[in-house]
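Examination of the molecular architecture
Residue strings, one per chain:
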Amino acid sequence: MKIAVIGAGIIGVTTAYELACDGHEVTVLERRGAAAEEASFATAGIVAPSYVSPWATPAVPGKAMQGLFSRFAPVKLGLPLSTQELAWLWKWYRACKPQKYSLNRANLQRLALYSRERLHHITANLKLDYERSEGMMVLLRTERDSQLIQPGLQVLREAGVAFKELDPLETRKIELALNPDTEFFGSVHLPEDEVANCRQFALMLKSQAQRLGVKFCFNRTVTRIVPARKVTLAVAGEATARTFDAVVLCAGMDSARLLALLGLPIPLAAVHGYSITSVIREPLNAPRSAVIDEHYKVSIARMGHRVRVAGIAELGGSPDQKRASSLQTLYKVLHDWFAGAANISGGVQEWKGTRAVLPDGPPVLGPSGVNGLWLNLGHGASGWALSCGSARALADQISGKTPHLDVSGFGVERLRA
């Protein structure tokens, strides 16, 4: 089939690659000038099925309220909120119920485990060499942090995920560079999780997709999708519309605009995240792989010769304006755990990215309900961890195959219930 993929972030690139592997003629349309320039640009890099979780958790409403008053809160609200954002918050609040959260988390972890397997397959098969390291540590500042994480650990036990709860001494034997002046309760070590450079992988896979015949058209903004026996795309600046047998929408928040024109009001919210990236000043003071501060929901990861610190979930506000307190939280957490590791006196890359988040957490993978239009969107902050599995599962559906992944729980129909 002749298929268009709208969006060239990590989701769009992996989708295009998988479709090309199945023999389809694929064209990718991207509004930016290169691949992975928006939400995939400076992500945390964490590939951790054990840690993938919906934003809609029973504990988050309280954290969101604290964010109104706390300088270093992991969840922040940019007031005033729009009518659409308030409507999304209501749907999100309903999804925070324990039973719904447990189901959504199980679905996400199933997809994340499959996605990691697919990532490793692609990496080995194509012999891709990108920045990555194995192992992840969840750092627990207080006994309360340890208590709050126990339900999640029970989910991991039931899923057969390898982990070990450690005391501070055992933790420091694995992450030797942890700041000796920072006291903490303990940690959870996840040896099978990893950290890897999302954008680097996306650019490498883009090149592999091009070798398979995929055409990447940059600086192309799709203005309208017109479904019929064939699907027609109107592109800004092009006099003639483009026609395809099928279209896959992977355009992040821009997906909401295109779907609204079709009368498909999918509830996507823009949730902003931050990262800072700096060259390692002293390797002995830097993390071996990746750690996550459970209290502040901030990750610190080693990426080759650099350290990347990422976190914060910010609903509302402008995507172009960085909130000083959000960046200060990242600097604080880095200093707490790895003081002196990074050269922060100059050359620090401060980044704010916008993730398209669905109220219940899991992405939408599959048919839209409109002829010829398929959806692979709404991955939120877990796009990198879910990308390869999502792409393969969607490509299987488009080709009429039964996916290796059980795709129940990822259909668009759940959002209309």
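This text goes with the structure placed above it.
Scope of this entry: the structure provided in the associated data block. Here the structure is a predicted model, which is why all the values come from computation and not from measurement.

Here we take up the overall build of the protein. When its secondary structure is counted, the protein shows 10 helices and 19 strands. Relative to the globule expectation of 22 Å for 417 residues, the C-alpha radius of gyration of the protein, 21 Å, shows essentially globular dimensions. For the C-alpha atoms alone, the extent of the protein along its principal axes is close to 65 × 45 × 45 Å. Residue pairs in contact within the protein that sit at least 24 positions apart in sequence constitute 75% of those at least 6 positions apart. When the accessible surface of the protein is split by element, carbon and sulfur atoms take 53% of a total near 17,500 Å². Mean positive and mean negative side-chain charge positions of the protein (47 and 37 charges, respectively) differ by 6 Å.

Any two side chains of opposite charge can pair if their charged atoms end up close together. For the coordinates displayed, the defined rule picks out 26 salt bridges. Salt-bridge contacts for arginine 32 lead to glutamate 37; the nearest nitrogen and oxygen are separated by 3.7 Å. Among the ionic contacts, a cluster of salt bridges with common partners joins Glu18, Asp22, Arg118, Arg392, Asp396 and Lys401.

So, about the sheet that holds strand β12 (residues 246-249). With mixed pairing, six strands are arranged side by side in an open sheet as β8-β2-β1-β12-β19-β18. The open sheet is flanked by β8 (215-218) and β18 (364-367), the only strands paired with a single partner. Sheet twist, expressed as the average angle between the axes of neighbouring strands with direction ignored, equals 15°. Pairing of β18 with strand β19 (residues 373-377), which is carried by four bridges, proceeds in the antiparallel orientation. Within β19, the residue paired with leucine 365 across the bridge is asparagine 376. Here helix α1 (residues 10-21) sits on the sheet in contact with β1 (2-6), β2 (25-30), β8, β12 and β19, set at roughly 165° to β1.

On to the sheet that holds strand β10 (residues 231-235). Strand order across the open sheet formed by three strands is β9-β10-β11, with antiparallel pairing between neighbours. Of all strands in the sheet, those bounded by a partner on one side alone are β9 (222-226) and β11 (242-244). Adjacent strand axes in the sheet meet at a mean angle of 25°, parallel and antiparallel pairs treated alike. Where β10 meets β11, three bridges bridge the pair, whose relative direction is antiparallel. Of the residues in β11, the one forming a bridge with threonine 232 is threonine 243.

Attention now goes to the pairing of β9. Direction of pairing for β9 relative to β10: antiparallel, over a ladder of four bridges. Following the sheet pairing, arginine 224 is matched in β10 by alanine 234. What sits between the antiparallel neighbours β9 and β10 is a turn of four residues.

By secondary structure assignment, the location of cysteine 388 is in helix α10 (residues 383-398). Judged by relative accessible area, cysteine 388 falls into the buried class, the value being 1%. Taking the C-alpha atoms as reference points, cysteine 388 and glutamate 134, 254 residues apart in sequence, are found 18 Å from one another.

Within the secondary structure, serine 275 is located in strand β13 (residues 269-279). For serine 275, a relative accessible area of 0% corresponds to the buried category. Apart from the residues lying within four places of it in its own chain, the contact partners of serine 275 are Ala42, Arg308, Val309, Ala310, Leu330, Gln349, Glu350 and Trp351.

Here we come to unusual backbone geometry. One non-glycine residue, lysine 127, adopts positive backbone phi at about 55°. Mapped onto the fold, lysine 127 is located in the loop between α4 (98-126) and β5 (132-140). Taking the relative accessible area as the measure of exposure, lysine 127 reaches 71% and is therefore exposed. Within the chain, asparagine 219 stands out as a residue other than glycine whose phi angle is a positive 55°. In this structure asparagine 219 comes out as exposed when scored by relative accessible area, which is 54%.

What follows covers the nonpolar core. A general trend in soluble globular proteins is that nonpolar side chains are found buried together. Membership of the largest hydrophobic core comes to 38 residues, with the highest contact counts inside it found for Phe201 and Val248. Looking at this core, the elements that each hand over two or more residues are β1, α1, β2, α4, α7 (198-211), β8, β12 and α10.

Under the counting rule described, the total for this entry stands at zero disulfides. Lacking any disulfide linkage, cysteine 198 is separated from the closest cysteine sulfur, that of cysteine 388, by 9.1 Å. The exposure class of cysteine 198 is buried, given its relative accessible area of 1%.

Attention shifts here to the packing of α4 against α10. Viewed as axis vectors pointing N to C, α4 and α10 meet at an angle of 80°, and their least axial separation amounts to 7 Å. On the basis of their axis angle, the class for α4 and α10 is roughly perpendicular. Here Leu108, Leu111, Ala112, Tyr114, Ser115, Arg118, Leu119 and Ile122 of α4 come into contact with α10, specifically with Trp384, Ala385, Leu386, Ser387, Cys388, Gly389, Ser390 and Arg392. Residue composition of the contact of α4 with α10, by class: 10 nonpolar, four polar and two charged.

Definitions and limits used
- Residues numbered from 1 in each chain as written.
- Predicted model: local features only at pLDDT ≥ 70, side-chain atom pairs only at ≥ 80, totals over all residues.
- Heavy atoms only, no water.
- Helix = DSSP H or I, 4+ residues; strand = E, 2+ residues; numbered from the N terminus.
- Rg over C-alpha atoms; globule rule 2.2 N^0.38 Å.
- Contact = heavy atoms within 4.5 Å.
- Areas by Shrake-Rupley, 256 points an atom, 1.4 Å probe, with all protein chains shown as cover.
- Lys, Arg positive; Asp, Glu negative; His and termini not counted.
- Charge placed at Lys NZ, Arg CZ, Asp CG, Glu CD.
- Salt bridge = Lys/Arg side-chain N within 4 Å of Asp/Glu carboxyl O.
- Pairing = 2+ DSSP bridges.
- Axes fitted to C-alpha atoms, helices over the stretch in contact; angles between N-to-C directions.
- Buried < 20%, exposed > 50% of the residue type's maximum accessible area, 1.4 Å probe, protein only.
- Core = buried A, V, L, I, M, F, W, Y, C linked by side-chain atoms within 4.5 Å.
- Disulfide = S-S within 2.5 Å.
- Parallel < 35°, antiparallel > 145°, perpendicular 65-115°, else oblique.
- Nonpolar A, V, L, I, M, F, W, Y, C, P; charged D, E, K, R; others polar.

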